[in-house]
Each structure stands twice: as structure tokens, then as C-alpha cells.
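# Structural description and commentary
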Amino acid sequence: MEGLWNNLAYIFRSVKKHDKLLLFFLVINNFAMLLNITLPVILPRYIIDGLIDGKDYNVVLNYVLLFAVGTIAASSLTYLLKSSIYVRSMTLRFKLIVESGQKFITMKYMHFENPDVLDLSKRGDRATENNASGIEGILHRFANYGGNLLTVIVLGMSILSVNIWVTLFCVVLLTFTCFISSKAGKYEKKVQDELVTTQRKWNYIIGILSDTAYYKDIFIFNMQKMIFGKLSLLGNEKRKGFQKTNDRNCLKNNVFSVLSAMQQMVIYIVFSTLVFKRIITIGQYTMYVAAVYAFYSAASQTINDTVFIVQQNEYVKDFRAFMDLDVRDEKAQYAPLPEAINEITLKNVSFRYHNQTVDALYNISVSFKKNEKIAIVGLNGAGKTTLIKLLTKLYEPSMGDVYFNDVNLADVSRLELYDQFSVVFQESNLFSFTLAENVSLKPLRYTDIDRVKHCLEQVGLSETVAKLPKGVLQPMLKIIDDDGVEFSGGELQKLSLARALYKDAPIMILDEPTASYDALAEERIYKMFNELTQNKTVFYISHRLASTRFCDRIIMLENGKIVEQGSHDDLIKQNGKYASLFRVQSQYYKEGEL
């Protein structure tokens, strides 16, 4: 229960932080609910008894008017308050979604590859995914919870005063109802937790089907049957889970129907007997019968709301667990980066991926000088990209340290560090923005159009841009704009290079952006980029050795270790692993003299 109270306190602290008026409306609405329930129970008694006893017409009319005005006023106030509560609760949920999204997008990169963190994030999303459940659902229940609870107390005492056995009978039925509802709620939460990974896989497949970038592969390789086969299997898993909860709910509702019938039978027998014995009047009979129904309804709703709140508390707990997760790169104070980065040094650096038993990189010690052109080469899986992710602090070393001059990278702000890098990754994406924004990766009003054109010209896209109706202001993709255009694979790679040039960072990285090209085409692109980045430190990542012969130094990785390093000519003279692999590869790619 301590966790429940803590999570409820968290919700109401969030309400207080974002919308204090919502708290006031919730309190007022509960008192309006009390009047809305009790007035139709109490006032008709005086109208009926007044008519039977032959009271003055004006007295009875006053009862009728009081009943009409009271119920209309209470109902109108309730509707107005609920409307405002609905909008304000939804607004609060949107704000919490933003906070959660900011937490997610500012996680350390390594956590995006951790399924435990991703599953926790997905479970936490259920606390804010719609207005009928999670945090907003709890707030909607609290809009009535106090009114129903007060109704139970007021009407319960009234019924208790006339017949204790009816009260005890209702309490027994309610206790049984509470037990069944609690069990059903826990079972539903258990089933939904089991479906979290299934739902994540489902969302991935649905994402593929909604992304036109996948359509060429899907159609050409006739993948429809495979994709829909996977979707069908996942759908069956979801259906089985929903069937389990549906069967339990059907059983629960059948039991509740039986209990309701028993309640009605007991009420009519007991209060009819009291009328025949002249212990209560006809007016009181109607009041007590209505009071028992209202009491039972309010108590049942209070129980349902309590079970609902306890169940949704599990989602709030997951939401808070994610929000409290130490996944951000935050320190009270960061060490500033040097104005000029003259040397980058890795000292005894090792890195192991989550849940792996073998290091992806092991005991790496190496330094890189300012403006040096370095090739990181090796076969697939050698650790090339992992090394670059350590340099850019996307990953943090499992052991050892990375230094920029004499500043430890662990003490540097990621945001400040990212400003030092321009990276062209193996896979680049187009955004459904203008071409200019796709180069600058900034809003159009902050984009230097002349600089965009110059960068596109440098990478050889001038002719392509000249053919576009709107030039660099041409929308890309057709997701948002009907006149959006697509780029070919080669054009997209050149666009990625233009992005790197536009950012103009002192350190540039090309992480196999031309892996789909042949070695000769890759070499031409690398040499072109080398000419454009004479006064920068550049890392070229490749598993093709011929593409990077022009670099100042070549570092060869194998199984996460540096096995050789030096210039191309030096490594050929050493006649080691680099030379052996180079000779094997060069026989497949010859253009003139290799």
C-alpha cells in the first residue's frame, strides 16, 4: 500500500505542478456528486408522504420545486465540472507524455539497445496512452471517488438506523464483489505484462507496413507472406491474451448479476415487511429502497474505482520507474572541452554489450592527432563501429578512459561533445522536410541557404538540385507533401556527406556510408571527402582496405583488438594480416594500378 500512496502522491504533485485549478475542481465535483446522488433519494419521500397524508398543496409543491431545482443545479454543476476536469486531465497527460518523451530521447545511447529498458519504457507508456486508463483514468475516477464514498457513509448510516441486517447483507455482497474485482484486475495486469514484448514486436511490424521505404524490398522479394505470417502469429498471441481476460471478465459479470438479483430480492422482502408492520411509511419505503440501491451502487463504484486505481497504480509504478531510471547523462558540473582538440587518447579501453559474455573491444590503447586522417579497418564484427561510438560517447567504456587532450570524456557533457562531430553513418534517412532542412537539420528560418547550396555542390548534387521544381526548398518524401521527391541511394549518400560538411565540425567520421558500393566507387567518394576536409580530423571506417590507402594511418581491428597500425605502405611492408587481406581483396577490385 505504501507504493500506492506514493504513486497517488506523485500524481497529485504533478497536478499541483501543472494545473492547481484541476485540484479545486476535483474537490468541488465530489461534493456536487454527493448532492446529485442523495437528493433524488431523500426528497421524493416527503413528496409521497405529503400526498398520502393530505398535506397542503403549497407544501408539497415546495418539495417538488426544491427537488427539481436541487437536482438540476447539482447535475448542471457536475456536468460543467466534469467537462473542465476532462480537458484539464487530458492536458496534464499530454504534459507528462512530453516529460516522458524528453526522458526517453535524452537517454544514454546504450540504453536504446537494452531490451529491459525498452520494455520498461513501453510498460510505463500505458500510464499515459489514453484518457480512460493510467494517470488520466485515475484522475477521472477521483472526480467521483469522494462523492461516492461520502454517499456510502451518509446512506449507510441511514439504512443502518432502520435495519442492521440489510446493511450487513450489503456489506457481505460488497466484500465478495471487491474480492472478485481485485483478483480480476491482478490477472488482467499479469496478462498485459506478458504481452509487452509481443506488442513491441507488433508495433515494429506495423511500422514496417506504414513505411514506404520498405516497400521495394517487400514487393521485389515477395515478403508479403513472411511479414503477414509474423503479424498473424503476433496477432494470435495478442488474441489469446485478450481471450483470457475476456473469459475472466465474463465470469465476473455473471457472478455480479447473481449478486444483484439476490440484493433486489432481500431489499423488497425486508422493506415490504416493515411497511406491512407500519414501522415505516410508503414514502420512507421508497426512500430506503432507493437508498439501498444508491448505497450499493455508490459502494460498488467505490470498490470498482479502488480496484481500478490499484490496477492502474501498477502502470503508474512502471511510469515512475522509467522516469526515475538513471539513464540520463547528468552531472552537477561538467568539465569544459578544450577549445582546440589536439589529441584524442584511448587508455586501456574495453567495452562489453549488455548481457554479453565477451568484450566487443578489449584493452584498446591508441592516440589520434589533430587533422590526422585515420582509417579504422577490419572485417565485419571486428569492433570498428563500437570504437567510434566510444569516441562520440554514444557508448561508455566498460573499463578504461577516453581523453580529449587531458580532459576525461566521462566528465564532458554529451551535448557539448556532439558539437565536435560530424558523422555519416552507414544508413542515412530522409526527413519529410525541405531539401535545405535535410542538409542543415535545422528549421528553415535558421538555415543558411547559400551554405546549403555550396555543400550540395561540393558533393556533386548540383545537377540533381537544378532539376527540382523548388530547388533546395523542394519537399522531400510524400508523407506530408504530395509533391515530395525521393532520392536514389547514391544521392542519399551524397546528401549525408553534405550534412557533415554543413555542420563543419572539427572531427568528421564516415562509418561505412558506402558499404553498398563497390570498392572503387567507395575509394572515389572517400578521396573526394578527403579533399574537402584538409583541416579536420577524419575517421574513415571500412572493411575494404583499398578504399583508405590515402590515410595518414590505418588501424586494423580483429576480434575487438588492434592487431596492426601504420600507413598503408608500412603495413604492406610488414606483410602481416593487413597485407594478406589487402592482397585477397585487391584481386577483385582493379582499376589501373592498385
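The preceding data block contains the structure.
Below is a short write-up of the structure. (Residues numbered from 1 in each chain as written. Predicted model: local features only at pLDDT ≥ 70, side-chain atom pairs only at ≥ 80, totals over all residues. Heavy atoms only, no water.)

### Some details on the environment of L571
Mapped onto the secondary structure, L571 falls in helix α18 (residues 568-574). For the pair L571 and Q585, spaced 14 residues apart in the sequence, the C-alpha separation amounts to 15 Å. Among all residues touching L571, those that are not within four sequence positions of it are I554, E564, Q565, G566, G576, Y578 and A579. (Helix = DSSP H or I, 4+ residues; strand = E, 2+ residues; numbered from the N terminus. Contact = heavy atoms within 4.5 Å.)

### Comments concerning the side chain of D511
Residue placement: D511 occurs in strand β7 (residues 507-511). The side chain of D511 sits in the buried core without any salt bridge; K389 is the nearest counter-charge, 6.6 Å away. (Buried < 20%, exposed > 50% of the residue type's maximum accessible area, 1.4 Å probe, protein only. Lys, Arg positive; Asp, Glu negative; His and termini not counted. Salt bridge = Lys/Arg side-chain N within 4 Å of Asp/Glu carboxyl O.)

### Details of the packing of helix α6 (residues 164-194) against helix α10 (residues 282-324)
Where α6 meets α10, the axes come as close as 10 Å, and the angle between the chain directions of the two elements is 25°. Here α10 runs roughly parallel to α6, going by the angle between their axes. α10 is crossed by α6, and the crossing has right-handed handedness. Between α6 and α10, the contacting residues are V166, C170, L173, L174, T177, C178, S181, S182, G185, E188, K189 and Q192 on the first element and V292, F295, Y296, A299, S300, I303, N304, V307, Q311, E314, Y315 and D318 on the second. Residue composition of the contact of α6 with α10, grouped by class: 12 nonpolar, 8 polar and 4 charged. (Axes fitted to C-alpha atoms, helices over the stretch in contact; angles between N-to-C directions. Parallel < 35°, antiparallel > 145°, perpendicular 65-115°, else oblique. Left-handed = near helix turned anticlockwise from the far one by under 90°. Nonpolar A, V, L, I, M, F, W, Y, C, P; charged D, E, K, R; others polar.)

### Some words on the packing of aromatic side chains
Scanning the model with the defined rule gives 13 aromatic pairs in all. Measuring from ring centre to ring centre gives 6.3 Å for F104 and F322, while their planes differ by 40°; the resulting arrangement is tilted. Remark: F322 occurs in helix α10 and F104 occurs in helix α3 (residues 57-105); sequence separation between them is 218 residues. Taking 5.5 Å as the distance between ring centres and 50° as the angle between the ring planes, the aromatic pair formed by F142 and Y145 counts as tilted. Placement of the pair is F142 and Y145 together in helix α5 (residues 134-162), with a separation of 3 residues, close to one helical turn. Each member of the pair, F142 as well as Y145, is classed as buried. The rings of F12, F142 and Y145 are connected pair by pair, giving a single aromatic cluster. Sitting above the plane of the W202 ring, K238 keeps its charged end 4.2 Å from the centroid. (Phe/Tyr/Trp six-rings, centres within 6.5 Å; stacked < 30°, edge-to-face > 60°. Lys NZ or Arg CZ within 6 Å of the ring centre and 35° of its normal.)

### Some thoughts on helix α7 (residues 196-210)
Taking 1.5 Å of rise per residue, the 15 residues of α7 would be expected to cover 21 Å, and the 21 Å separating its terminal C-alpha atoms lies within 8% of that figure. Among all positions in α7, only V196, T198, I205 and I208 are buried. (Expected span 1.5 Å × (residues − 1).)

### Some thoughts on the packing of helix α14 (residues 449-458) against helix α16 (residues 489-503)
Orientation of α14 relative to α16, taken along the N-to-C sense of each, is 130°, at an axis distance of 9 Å. Here α16 runs oblique to α14, going by the angle between their axes. Both α14 and α16 take part in a crossing whose hand is right-handed. Side by side, α14 and α16 meet where R451, V452, C455, L456 and Q458 of the first sit next to L495, A498, L501, Y502 and K503 of the second. Considered class by class, the residues forming the contact of α14 with α16 number 7 nonpolar, 1 polar and 2 charged.

### As for the sheet that holds strand β1 (residues 343-351)
Spatially, 4 strands are ordered β2-β1-β4-β5 in an open sheet, and the strand pairing comes out antiparallel. In this open sheet, the two edge strands, each paired with only one partner strand, are β2 (361-369) and β5 (407-408). Across the sheet, helix α11 (residues 384-391) is in contact with β1, β2 and β4 (399-404); its angle to β1 comes to roughly 120°. (Pairing = 2+ DSSP bridges.)

### Observations concerning a nonpolar patch on the surface
Nonpolar side chains collect at one region of the surface, where V27, F31, L149, L150, I153, V154 and M157 lie side by side and expose about 620 Å² of accessible area between them. Looking at the nonpolar patch, the elements with two or more residues in it are α2 (20-53) and α5. Tallying contributions element by element places α5 first for the nonpolar patch, with 5 residues. With relative accessibility at 46%, the residue V27 sits in the partly exposed group. (Patch = residues over 30% accessible without salt bridge, like charges linked within 9 Å, V, L, I, M, F, W, Y side chains within 5 Å. Areas by Shrake-Rupley, 256 points an atom, 1.4 Å probe, with all protein chains shown as cover.)

### A few points about the pattern of salt bridges
If you walk through the whole model with that rule in mind, you get 17 salt bridges. Here D19 makes a salt bridge to R88, at a shortest N to O gap of 2.9 Å. Of the two residues, D19 is situated in the loop between α1 (2-18) and α2 and R88 in helix α3; the sequence distance between them amounts to 69 residues. D19 gets classed as buried once you look at its relative accessible area, which sits at 14%. Look at R88 and you get partly exposed, because its relative accessible area is 25%. Across the salt bridge formed by D504 and K536, the nearest N and O atoms sit 2.7 Å from each other. Taken together, the positions of D504 in the loop between α16 and β7 and K536 in the loop between α17 (519-532) and β8 (537-542) put the pair 32 residues apart, joining distant regions of the chain. Sharing partners across several salt bridges, the network here consists of R123, R126, D193 and D318.

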